[in-house]
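Coordinates in review
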Amino acid sequence: MKHLKFAWLLLAIVCVFFAFCFGMSRGGGNSGGGQRIVTEKAGATVQERLTGADPSALPERSLGASVNINKAELDELASLPGIGETLAQRILDYRRQNGAFSCVEALMNVDGIGEGRFEMIRNYVTVEESNEDSGR
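Overview of the structure. Numbering of residues starts from 1 in each chain and follows the order in which that chain's sequence is written. Side-chain atom pairs in this predicted model are given and counted only at pLDDT of 80 or more, local residue features only at pLDDT of at least 70, and totals for whole chains, interfaces and linings cover all residues. In computing side-chain properties, one takes all heavy atoms of the structure into account and sets aside hydrogens as well as water.

With that settled, consider the overall build of the chain. A run of H or I in DSSP becomes a helix once it reaches four residues, and a run of E becomes a strand once it reaches two; helices and strands are each numbered from the N terminus. On a plain count of helices and strands, the chain comes out with six helices and two strands. Each helix (α) and strand (β) of the chain, taken in turn from the N terminus, gives the series α-α-β-α-α-α-β-α. Burial status follows relative accessibility: with a 1.4 Å probe on protein chains alone, a residue under 20% of its type maximum counts as buried, one over 50% as exposed, and anything between as partly exposed. For the chain, with 136 residues in total, the buried portion stands at 25%. When contacts within the chain are restricted to residue pairs at least 6 apart in sequence, long-range pairs at least 24 apart make up 46% of them. Of the accessible surface of the chain, which amounts to about 9,900 Å², a share of 55% is contributed by carbon and sulfur atoms. Note on contacts: a residue pair is in contact if any heavy atoms of the two residues lie within 4.5 Å. Under the convention used here, a 1.4 Å probe and the Shrake-Rupley method define accessible areas, while residue burial counts only the protein chains that appear.

What follows is the structure, encoded as structure tokens:
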């Protein structure tokens, strides 16, 4: 009888050990709640680091087409590389609360747009004045 209890205890310990090892191999053993650490590939661009995407997979804007950040609507802002609808809405909210942007660099005052993301869009945005604003 004593050997039978010992065998069951040993079997339970072995099962727990294998369950633990299986969980570790599936990525459940780190303190990040099951998240895995992903390293960047060598030479990744700012655009790739921010979006996690290959730049060729992102929608391209035509050369010379600029988005006037003081006049653009949500869909036009969201079409900028690395912006999307959430940041586009933040840009609109910022513009509504603070008035027109004085320069494109002022976009970095919008929550979620830092230097890296700004560098991705700087060639696609402008703060051009409209004809009414310039007095022409």
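Among the surface-exposed residues, Glu73, Asp75, Glu76 and Glu85 lie close enough to one another that they form a single negatively charged patch. Assignment of secondary structure puts Asp75 in helix H3 (residues 74–78). The exposure class of Asp75 is exposed, given its relative accessible area of 62%. Candidates for patches are residues over 30% relative accessible area with no salt bridge; among them, like charges are joined within 9 Å and nonpolar side chains (Val, Leu, Ile, Met, Phe, Trp, Tyr) within 5 Å. Here, a salt bridge means any side-chain nitrogen of Lys or Arg that lies within 4 Å of a carboxyl oxygen of Asp or Glu. For this count, His and the chain ends are skipped, Lys and Arg are scored as positive, and Asp and Glu as negative. A single reference atom marks each charge: NZ on Lys, CZ on Arg, CG on Asp, CD on Glu.

What follows deals with the nonpolar core. If you look at soluble globular proteins, the nonpolar side chains tend to sit buried side by side. Membership of the largest hydrophobic core comes to 20 residues, with the highest contact counts inside it found for Leu77, Leu80, Ile83, Ile91, Phe101, Leu107 and Ile113. When residues of this core are traced back to their parent elements, those giving at least two are helix H4 (84–98) and helix H5 (115–121). In terms of residue count, H4 provides more of this core than any other element does, four residues in total. Take the buried residues of types Ala, Val, Leu, Ile, Met, Phe, Trp, Tyr and Cys, join any two whose side-chain atoms come within 4.5 Å, and each joined set is a nonpolar core.

Looking now at the packing of aromatic side chains. Aromatic ring pairs: the centre-centre distance and the angle between the two ring planes describe each pair. Aromatic contacts are taken between Phe, Tyr and Trp rings whose centres are within 6.5 Å, Trp giving its six-membered ring; a plane angle under 30 degrees counts as stacked, one over 60 as edge-to-face, and the others as tilted. Summed over the entire model, instances satisfying the criterion amount to one aromatic pair. Pairing Tyr94 with Phe101 gives two aromatic rings, centres 5.4 Å apart and planes at 20°, and the pair type is stacked. Relative accessible area serves as the criterion here: at 22%, Tyr94 is assigned to the partly exposed category.

A cluster of nonpolar side chains, Phe6, Leu10, Val14, Phe17 and Phe18, forms an exposed patch at the surface whose accessible area comes to about 530 Å². Within the secondary structure, Phe18 sits in helix H1 (residues 2–25).

This part takes up the environment of Leu87. Relative to the elements of secondary structure, Leu87 occurs in helix H4. Residue Leu87 is classed as buried on the basis of its relative accessible area, which comes to 7%. For the pair formed by Leu87 and Leu74, sequence separation is 13 residues and the distance between their alpha carbons is 9.3 Å. Those residues in contact with Leu87 that lie beyond four places of it in its chain are Gly82, Asp111, Gly112, Ile113 and Arg117.

Quick look at H4 now. Here the expected span of a helix is defined as 1.5 Å times the quantity of residues minus one. Look at H4: 21 Å from first C-alpha to last across 15 residues, which is about the 21 Å you get at 1.5 Å a residue. The set of residues buried in H4 consists of Leu87, Ala88, Ile91, Leu92 and Arg95. For H4, the arc enclosing every buried residue in end-on projection is 145°, short of the 170-degree limit, so these residues lie on one face. Every exposed residue of H4 that faces more than 90 degrees away from the buried side is listed here: Glu85, Thr86, Arg96 and Gln97. In this structure, the buried residues of H4 make contact with H3 and H5. After H4 finishes, the residue Gly99 shows a positive phi value of roughly 85°. Starting at the helix axis, one direction is taken to each C-beta atom, and the arc is that of these directions.

Our focus in this paragraph is the side chain of Asn70. If you trace the backbone, Asn70 turns up in the loop between strand S1 (67–68) and H3. Assessed through its relative accessible area of 18%, Asn70 is described here as buried. The definition of a polar contact used here is a pair of N or O atoms within 3.5 Å, where within protein one atom must be able to donate a hydrogen and the other to accept one, and adjacent residues in sequence count solely through side-chain atom pairs. Among the polar contacts listed, one links the side chain of Asn70 to the backbone nitrogen of Phe101, at a separation of 2.6 Å. The contact partners of Asn70, leaving out residues within four places of it in the chain, are Arg95, Ala100, Phe101 and Val127.

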